[in-house]
Amino acid sequence: MLPGGGARGAYQVGVLKAICKIQRGPNNRISNPFPVICGTSAGAINAVVIASHAHKFPVGVKRLERFWRSMHCDRIYRTDAWTVLKSGLNFAATLLSGGMISGNVRALLDNTPLREFLHETLQLEGIQVALDEGALHAVAVTASGYTSATATSYFQAQGPVANWQRPRRRGRATTLQVSHLLASSALPFIFPAEQIGNEYFGDGGMRLVAPLSPAIHLGANRILVIGTRDEKPDLPPESPTEYPSAGEIGGYLMDTIFMDTLQADLARMKRINQTLNLVPEDQRRRVGLINIDSLVIKPSKDLRRVTKAYVHEIPRSVQILLRTLGGWGRDWRMASYLLFEAAYCSELIDLGYADGMTAEQDIYKFLNP
């Protein structure tokens, strides 16, 4: 399970790299340890790359590492001053016009470069190859429908896997395309929504109130989560603070979208497991209830502090935009999601690898029960 996190998604690559080393078998053979792979937002892109190379898992991890270590913001969104300025002016003009100016401002940033990059580099046909060879059971990415107000998990699976429908969430079998990834990673207000069929979709984390459910629907009974945020709570301020800026609120919302619902779902699953342990095993078998084990690997450092060391590498035009929104200096949350630069991403990869190796025994026992 790979949740979203914008540029923070580089951390997941480091953990996957550590898993490659931990899982190395006889004759240095490394097979895919994840028959079910699910992702949201930036995690959806990582998930699809791994799924498309599930029949040659180390190659997929190496490709991801190569992509992220050579990353630049202009590979994800347009950074030229005119495009960024025009987007900001359009927002301001629409707001000040009181509805007199027709038209719909789509987003602050233009992610056309990401669309082109994914079309050029992804090998999506590899998903079906991995399914046919038995190296993968299913892969899913989730996006949130703006009209239906429903989180849709689009999945590609081996054999017949039934669609599912629950309140505000559903699963739909399909052949995954670049449009599904763009929809899943369309951060609200930051990147434009993506049209799939008759509906526009945005970041999958917005409506996915049960982030673990796609993996469980696809047959998982053990779930490894690679998070993108440390869980140490911030201390309350000792003196009055300034009113939060739009940038701070935006970064706060991203934190909520990407990790808060996931943590709540993990806590809920643990409570259900504890309840099931009180039920006799024969009764559990009769109704088809099982325990779902989980392991969470998350950053050992506050990534906002890592961001502060590299934030000067954000293109000047985007720096100005963040300053305008108040997302610069006081809180680096929003910047941490948009800092798609090689040095920062490499630092996160190295941190993920170190955290993965620190948890080597836990990971090995989890993957080899």
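Residues numbered from 1 in each chain as written. Predicted model: local features only at pLDDT ≥ 70, side-chain atom pairs only at ≥ 80, totals over all residues. Heavy atoms only, no water.

S.K.: Mind showing me how you'd approach the overall build of the protein chain here?
M.R.: What the protein chain contains, in helices and strands, is 16 helices and nine strands. By the compact-globule yardstick of 21 Å for 369 residues, the protein chain fits well, its C-alpha radius of gyration being 21 Å. Taken along the three principal axes of its C-alpha coordinates, the protein chain extends 65 × 45 × 40 Å. Across the protein chain, contacts joining residues at least 24 apart in sequence account for 75% of those joining residues at least 6 apart. Counting every atom, the protein chain has about 17700 Å² of accessible surface; 53% of that belongs to carbon and sulfur. Side-chain charges of the protein chain comprise 40 positive and 33 negative groups, with the mean position of each set lying 4 Å from the other. (Helix = DSSP H or I, 4+ residues; strand = E, 2+ residues; numbered from the N terminus. Rg over C-alpha atoms; globule rule 2.2 N^0.38 Å. Contact = heavy atoms within 4.5 Å. Areas by Shrake-Rupley, 256 points an atom, 1.4 Å probe, with all protein chains shown as cover. Lys, Arg positive; Asp, Glu negative; His and termini not counted. Charge placed at Lys NZ, Arg CZ, Asp CG, Glu CD.)

S.K.: Could you clarify how one ought to interpret helix α10 (residues 246-276) in this entry?
M.R.: For an α-helix the count is 3.6 residues per turn, leaving residues at separations of three or four pointing the same way. Here α10 is 31 residues long and its end C-alpha atoms lie 44 Å apart, about the 45 Å a rise of 1.5 Å per residue gives. When the local axis directions of α10 are compared, the greatest deviation, roughly 40°, occurs at T256. (Expected span 1.5 Å × (residues − 1). Bend = angle between axes of the 7 residues up to and from the residue.)

S.K.: Even after reading the chapter, I still don't get the state of the cysteines, so can you show me in this structure?
M.R.: Put plainly, a disulfide is one covalent bond tying together the sulfur atoms of two cysteines. For the structure shown, the criterion picks out zero disulfides. Of all cysteine sulfurs in the structure, the one in C38 sits closest to C20, which takes part in no disulfide; the separation is 19 Å. The exposure class assigned to C20 is buried, which follows from its relative accessible area of 9%. In this structure C345 is a free cysteine whose sulfur lies 8.1 Å from that of C73, the closest cysteine sulfur available. A relative accessible area of 0% means that C345 is categorised as buried. (Disulfide = S-S within 2.5 Å. Buried < 20%, exposed > 50% of the residue type's maximum accessible area, 1.4 Å probe, protein only.)

S.K.: Teacher, can you tell me more about the pattern of salt bridges here?
M.R.: Think of it this way: side chains of opposite charge can pair up when their charged atoms draw near. For the structure shown, the criterion picks out twelve salt bridges. Here D350 ties to R69 by a salt bridge, and the two come within 2.7 Å at their closest N and O atoms. Of this pair, D350 sits in helix α15 (residues 342-358) while R69 sits in helix α3 (residues 57-69), placing them 281 residues apart in sequence. Judged by relative accessible area, R69 falls into the partly exposed class, the value being 26%. A salt bridge links D260 to R229; its shortest N-O distance comes to 2.8 Å. One end of the pair, D260, is in helix α10; the other, R229, is in the loop between β8 (222-226) and α10, and 31 residues separate them in sequence. We classify D260 as partly exposed; its relative accessible area is 33%. (Salt bridge = Lys/Arg side-chain N within 4 Å of Asp/Glu carboxyl O.)

S.K.: Could you clarify how one ought to interpret helix α6 (residues 112-121) in this entry?
M.R.: Here α6 has its buried residues at P113, L114, F117, L118 and T121. Looking down the long axis of α6, one finds its buried residues gathered within 130° of arc, a one-sided arrangement. Residues of α6 that are exposed and point over 90 degrees away from its buried face: H119 and E120. Tucked into the core, α6 has its buried residues touching α2 (42-52), α3, α4 (73-76) and α8 (178-184). (Arc of directions from axis to C-beta.)

S.K.: I keep staring at the packing of aromatic side chains and nothing clicks. Help me out?
M.R.: Aromatic rings considered in pairs are described by the distance between their centres and by the relative angle of their planes. Applying the stated rule across the entire model yields ten aromatic pairs. The interplanar angle of 70° and the centroid separation of 6.0 Å between the aromatic rings of Y154 and F201 together place this pair among those described as edge-to-face. Taken together, the positions of Y154 in strand β3 (residues 151-157) and F201 in strand β7 (residues 199-203) put the pair 47 residues apart, joining distant regions of the chain. In this structure, Y154 and F201 share a single accessibility class: buried. Plain terms: the ring middles of F258 and Y337 are 5.4 Å apart, the flat faces sit at 50° to each other, and that makes the pair tilted. Placement of F258 in helix α10 and of Y337 in helix α14 (residues 333-338) is noted, with a sequence separation of 79 residues between them. The pair formed by F258 and Y337 is uniform in burial state, with each residue classed as buried. An aromatic cluster is defined as three or more aromatic residues linked by ring pairs; in this entry it consists of W68, Y77, F191 and F340. Sitting over the ring of Y353, K17 keeps its end group 5.3 Å from the ring centre. (Phe/Tyr/Trp six-rings, centres within 6.5 Å; stacked < 30°, edge-to-face > 60°. Lys NZ or Arg CZ within 6 Å of the ring centre and 35° of its normal.)

S.K.: Would you explain unusual backbone geometry in this entry?
M.R.: Across the chain, the bulk of peptide bonds are trans and the bulk of non-glycine residues have phi less than zero. Unusually for a residue other than glycine, R168 sits at a positive phi of about 65°. The topology assignment puts R168 in the loop between β4 (164-166) and β5 (169-173). Non-glycine residue F189 carries a positive phi angle of around 70°. Take F189: it is sitting in the loop between α8 and β6 (194-196).

S.K.: Would you mind going over the side chain of R63 with me for this structure?
M.R.: Along the polypeptide, R63 turns up in helix α3. Other than its neighbours up to four places away in sequence, R63 contacts H53, T121 and Q123.

S.K.: Mind showing me how you'd approach the packing of helix α12 (residues 303-310) against α15 here?
M.R.: Packed helices, taken two at a time, are described by the angle their axes make and the gap between the axes. With their axes 9 Å apart at the nearest point, α12 and α15 run at an angle of 145° to one another. Classified by chirality, the crossing of α15 by α12 is right-handed. Contact with α12, carried on its side by L303, V306, T307 and Y310, involves A343, Y344, E347, L348 and L351 of α15 and no other residues of that element. (Axes fitted to C-alpha atoms, helices over the stretch in contact; angles between N-to-C directions. Left-handed = near helix turned anticlockwise from the far one by under 90°.)

S.K.: What's the story with the packing of α3 against α15 in this structure? I'm lost.
M.R.: Following both chains from N to C, one finds α3 and α15 inclined at 140°, their axes separated by 8 Å at the closest point. On the basis of the axis angle, α3 is oblique to α15. Here E65, W68 and R69 of α3 come into contact with α15, specifically with A342, C345, S346, I349 and D350. Broken down by class, the residue content of the contact of α3 with α15 amounts to four nonpolar, one polar and three charged. (Parallel < 35°, antiparallel > 145°, perpendicular 65-115°, else oblique. Nonpolar A, V, L, I, M, F, W, Y, C, P; charged D, E, K, R; others polar.)

Don't take any of this as a statement about function, it's just geometry.
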